[in-house]
Amino acid sequence: MKDSISKEHIFNHSIDKVWNAISKAEEISTWFIKADFKAEEGYEYTFTAPEEKNCTEITGVVKKAHPYTLVYTWVVAGTDVETLVKWQLEKSDTGTKLYLEHSGISNYTGETAVKMFTSFNGGWDNCIHGLSQYLTQAIHAG
């Protein structure tokens, strides 16, 4: 079984706009789920999703928060399994290239690992889609 999920996406938006969208609680709460989050090393964050989104509370600790690189642990409520999420941004000719990696999924055991991999993989696709829509709306609105 693969241990990590990797996603890449190019946004037609500045690197600072994308960075703000992934690192500021008020923006994360708009396009993802409600967030008590600060892009500060050591910050213990909480993402709280309503049950109708078929998601549960996520908690963790920010490990790295330097401009354009954000790394945090990811613990799904009801488990004691820690995985790691890394967002990395770089300027591209047309805007910003996003690299997203969610690793450590093999820390779950047996069939749970397979289920979590499938869930996270689809979830990150939805997340990037939501981020893209948010950035497009925010740019046109402001």
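Our subject is the structure that appears above.
Predicted model, so just to flag it, every value in this text is computed and none were measured.

Conventions and cut-offs
- Residues numbered from 1 in each chain as written.
- Predicted model: local features only at pLDDT ≥ 70, side-chain atom pairs only at ≥ 80, totals over all residues.
- Heavy atoms only, no water.
- Helix = DSSP H or I, 4+ residues; strand = E, 2+ residues; numbered from the N terminus.
- Rg over C-alpha atoms; globule rule 2.2 N^0.38 Å.
- Buried < 20%, exposed > 50% of the residue type's maximum accessible area, 1.4 Å probe, protein only.
- Areas by Shrake-Rupley, 256 points an atom, 1.4 Å probe, with all protein chains shown as cover.
- Lys, Arg positive; Asp, Glu negative; His and termini not counted.
- Charge placed at Lys NZ, Arg CZ, Asp CG, Glu CD.
- Polar contact = N/O pair within 3.5 Å; in protein donor to acceptor, adjacent residues only side chain to side chain.
- Contact = heavy atoms within 4.5 Å.
- Phe/Tyr/Trp six-rings, centres within 6.5 Å; stacked < 30°, edge-to-face > 60°.
- Salt bridge = Lys/Arg side-chain N within 4 Å of Asp/Glu carboxyl O.
- Pairing = 2+ DSSP bridges.

S.K.: Requested: an account of the overall build of the protein chain, with residues and values cited.
M.R.: The helix and strand inventory of the protein chain stands at three helices and seven strands. Start at the N end of the protein chain and walk to the C end: the helices and strands fall as β-α-α-β-β-β-β-β-β-α. Scaling as 2.2 N^0.38, a compact globule of 142 residues should have a C-alpha radius of gyration of about 14 Å, and the protein chain matches this with 15 Å. When the backbone C-alpha atoms are referred to their principal axes, the protein chain occupies close to 45 × 30 × 25 Å. Within the protein chain, buried positions represent 42% of all 142 residues. Just so you have it, the protein chain exposes about 7900 Å², and 46% of that area is on carbon and sulfur atoms. On the protein chain, the mean spot of the 13 positive side-chain charges and the mean spot of the 19 negative ones are 4 Å from each other.

S.K.: Provide a residue-level description of the side chain of Thr 83, including the pertinent values.
M.R.: Structurally, Thr 83 can be placed in strand S6 (residues 82–92). Within the local environment of Thr 83, its side chain forms a polar contact with the side chain of His 102, the two groups lying 2.7 Å apart. Apart from the residues lying within four places of it in its own chain, the contact partners of Thr 83 are Tyr 72, Thr 73, Trp 74, His 102, Ser 103, Gly 104, Ile 105 and Tyr 108.

S.K.: Before we move on, can you summarise the packing of aromatic side chains with the specific residues and values?
M.R.: Using the criterion set out here, one finds 16 aromatic pairs in the structure. On the numbers, 5.5 Å between centres and 70° between planes, the contact of Phe 37 with Tyr 72 is edge-to-face. Separated by 35 residues along the polypeptide, Phe 37 in the loop between strand S2 (34–36) and strand S3 (44–48) and Tyr 72 in strand S5 (residues 69–76) bring together distant segments of the chain. Residue classification places Tyr 72 among the buried residues on the basis of a relative accessible area of 3%.

S.K.: Can you lay out unusual backbone geometry for me, pointing to particular residues and giving the numbers?
M.R.: Backbone geometry follows two general trends: most residues other than glycine have a negative phi, and most peptide bonds adopt the trans configuration. At Tyr 68, a residue that is not glycine, the phi angle is positive and equals roughly 80°. Relative to the elements of secondary structure, Tyr 68 occurs in the loop between strand S4 (58–66) and S5. Of the residues examined, Tyr 68 reaches a relative accessible area of 24% and is grouped as partly exposed.

S.K.: Lay out the pattern of salt bridges with the relevant residues and their values.
M.R.: Counted according to the given criterion, the structure contains two salt bridges. Here Glu 8 makes a salt bridge to Lys 97, at a shortest N to O gap of 3.4 Å. Highlighted residues: Glu 8 in strand S1 (residues 4–11) and Lys 97 in strand S7 (residues 95–103), separated in sequence by 89 residues.

S.K.: Run through the environment of Lys 86, naming residues and quoting values.
M.R.: Looking at where Lys 86 falls in the secondary structure, it is placed in strand S6. For Lys 86, a relative accessible area of 33% puts it in the partly exposed group. Sequence-wise, Lys 86 and Tyr 134 are 48 residues apart; in three dimensions their C-alpha atoms are separated by 20 Å. Polar contacts involving the side chain of Lys 86 include one to the side chain of Gln 88, which spans 3.4 Å.

S.K.: With reference to specific residues and values, describe the pairing of S5.
M.R.: Buried residues dominate S5, accounting for eight of its eight residues. As paired elements, S4 and S5 share six bridges and run antiparallel to each other. Across the sheet, Ala 65 pairs through a bridge with Leu 70, a residue of S5. Connecting the antiparallel pair S4 and S5 is a turn made up of two residues, with Tyr 68 showing a positive phi of about 80°. Direction of pairing for S5 relative to S6: antiparallel, over a ladder of seven bridges.

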